[in-house]
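# Survey of secondary and tertiary structure
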Amino acid sequence: MSIHLIKEIDKLRKTALRLAGIVEENLLKSVSILNHKNVERLYEIRQADESIDALEVEVEEECLKVLALHQPVAADLRYIICILKMNNDLERIGDLAINIAKKANRLNFSTDNIYCRELYDMGTKGTEMVHDALTTLINSDIELAREVCIRDDTLDRKKKELSEKLIEALKLNPENAEDFIGLFGIVRNIERVGDLATNICEDVIYSLTGEIVRHNYNSTDN
């Protein structure tokens, strides 16, 4: 590998990790609103999302530049592909964080409501998956990456369980339909966060081993 390619990949890695840090922080803030409503926090999340969008474009441009100028092969090529795909997943997680925050702030339920507490627990599990997925990239930890992929099943089961509870509660309390719709939306968004964290882990495994594991971790949520 040439010195120039080493420097370019190192620069790309640092930019991608900076993006990942902002996304993870935004997700943590959005989930925390389920525990304590905070309009100022929603504003902070929206402001940070502008940085996320700008960095997402920067990472994509850097990836394409490295591919065009250096034509990397083998492990280097796989790593750049991993960053390029992760870049898209991180931007989508950032969008989901905003959706969660907006919906949480609109709820008329108090944050000690049983459904908010369960959603907060589910959201915490989702943020932990994202954190661990990013750790797999930083530490080249294949075992952790595989473990996070398997953990997505737990989040899928939680989505199914909580959705069923919300359907029953909606039948008994139709006057709160708007709030229940918001809660359904948050459940779907958190479950999607887990899917994207799994995508990142699958790409890390591919980057490190060349093994394509996509679809090998089957969800039980049918």
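Let me sum up the structure you'll find in this document. The shown structure was predicted, so the numbers you read here are calculated from the model rather than taken from an experiment. (Residues numbered from 1 in each chain as written. Predicted model: local features only at pLDDT ≥ 70, side-chain atom pairs only at ≥ 80, totals over all residues. Heavy atoms only, no water.)

### Regarding the overall build of the protein chain
A count of helices and strands for the protein chain gives 6 helices and 0 strands. Reading the secondary structure of the protein chain in the N-to-C direction produces α-α-α-α-α-α. Taken over C-alpha atoms, the radius of gyration comes to 19 Å for the protein chain, in line with the 17 Å a tight globule of 222 residues would show. Its C-alpha atoms give the protein chain principal-axis dimensions of roughly 65 × 35 × 20 Å. Counting only residues that meet the buried cut, the protein chain has 48% of its 222 residues in that class. Long-range contacts, defined as pairs at least 24 residues apart, comprise 81% of the intrachain contacts of the protein chain with a sequence gap of at least 6. By element, 52% of the accessible surface of the protein chain is carried by carbon and sulfur atoms, the whole surface being about 11,000 Å². (Helix = DSSP H or I, 4+ residues; strand = E, 2+ residues; numbered from the N terminus. Rg over C-alpha atoms; globule rule 2.2 N^0.38 Å. Buried < 20%, exposed > 50% of the residue type's maximum accessible area, 1.4 Å probe, protein only. Contact = heavy atoms within 4.5 Å. Areas by Shrake-Rupley, 256 points an atom, 1.4 Å probe, with all protein chains shown as cover.)

### A word on the environment of Lys102
Considering the arrangement of structural elements, one finds Lys102 in helix H3 (residues 74-106). Residue classification places Lys102 among the partly exposed positions, given a relative accessible area of 27%. Once residues lying within four places of it in the same chain are set aside, the contact partners of Lys102 are Leu42 and Arg46.

### Some points on helix H2 (residues 39-70)
Along its 32 residues, H2 runs 46 Å from first to last C-alpha, staying within 8% of the 46 Å computed at 1.5 Å per residue. Where H2 begins, the capping side chain belongs to Asn38, and its oxygen is found 3.0 Å from the backbone nitrogen of Glu40. A positive backbone phi angle near 45 degrees is found at Gln71, which sits one or two residues after H2. (Expected span 1.5 Å × (residues − 1). Polar contact = N/O pair within 3.5 Å; in protein donor to acceptor, adjacent residues only side chain to side chain.)

### Here we look at the pattern of salt bridges
Under the defined criterion, the tally for this structure stands at 16 salt bridges. Here Arg92 ties to Asp89 by a salt bridge, and the two come within 3.6 Å at their closest N and O atoms. Taken as a pair, Arg92 and Asp89 lie in helix H3 at a separation of 3 residues, close to a single helical turn. Judged by its relative accessible area of 5%, Asp89 is buried. Taking the shortest distance from any N to any O, the salt bridge between Lys125 and Asp121 comes out at 3.0 Å. Here Lys125 and its partner Asp121 are both found in helix H4 (residues 114-139), 4 residues apart, which amounts to about one turn of the helix. Accessibility expressed as a relative area gives 32% for Lys125, which makes it partly exposed. Linked by salt bridges that have partners in common, Glu118, Lys158, Glu161 and Lys165 make up one network. (Salt bridge = Lys/Arg side-chain N within 4 Å of Asp/Glu carboxyl O.)

### Here we look at the packing of helix H1 (residues 3-32) against H3
In contact at an axis separation of 9 Å, H1 and H3 are set at 20 degrees when each is read in the N-to-C sense. Of the possible angle classes, the one that applies to H1 and H3 is roughly parallel. H3 is crossed by H1, and the crossing has left-handed handedness. Taken together, the residues of H3 that come into contact with H1 (itself represented by Leu5, Ile9, Leu12, Arg13, Ala16, Leu19, Ala20, Val23, Asn26, Leu27 and Ser30) are Asp76, Tyr79, Ile80, Ile83, Met86, Asn87, Leu90, Ile93, Gly94, Ala97, Ile100 and Ala101. Taken together, the residues of the contact of H1 with H3 break down into 17 nonpolar, 4 polar and 2 charged. (Axes fitted to C-alpha atoms, helices over the stretch in contact; angles between N-to-C directions. Parallel < 35°, antiparallel > 145°, perpendicular 65-115°, else oblique. Left-handed = near helix turned anticlockwise from the far one by under 90°. Nonpolar A, V, L, I, M, F, W, Y, C, P; charged D, E, K, R; others polar.)

### As for the nonpolar core
Residues Ile83 and Leu119 are the most contacted members of the largest nonpolar core, which totals 64 residues. Going through the elements one at a time, H1, H2, H3, H4, helix H5 (142-172) and helix H6 (177-209) are the ones with two or more residues in this core. Residues in contact with Leu119, not counting those within four places in the same chain, are Leu34, Leu162, Leu183, Ile186, Val187 and Ile190. (Core = buried A, V, L, I, M, F, W, Y, C linked by side-chain atoms within 4.5 Å.)

So yeah, pure geometry; function would need other evidence.
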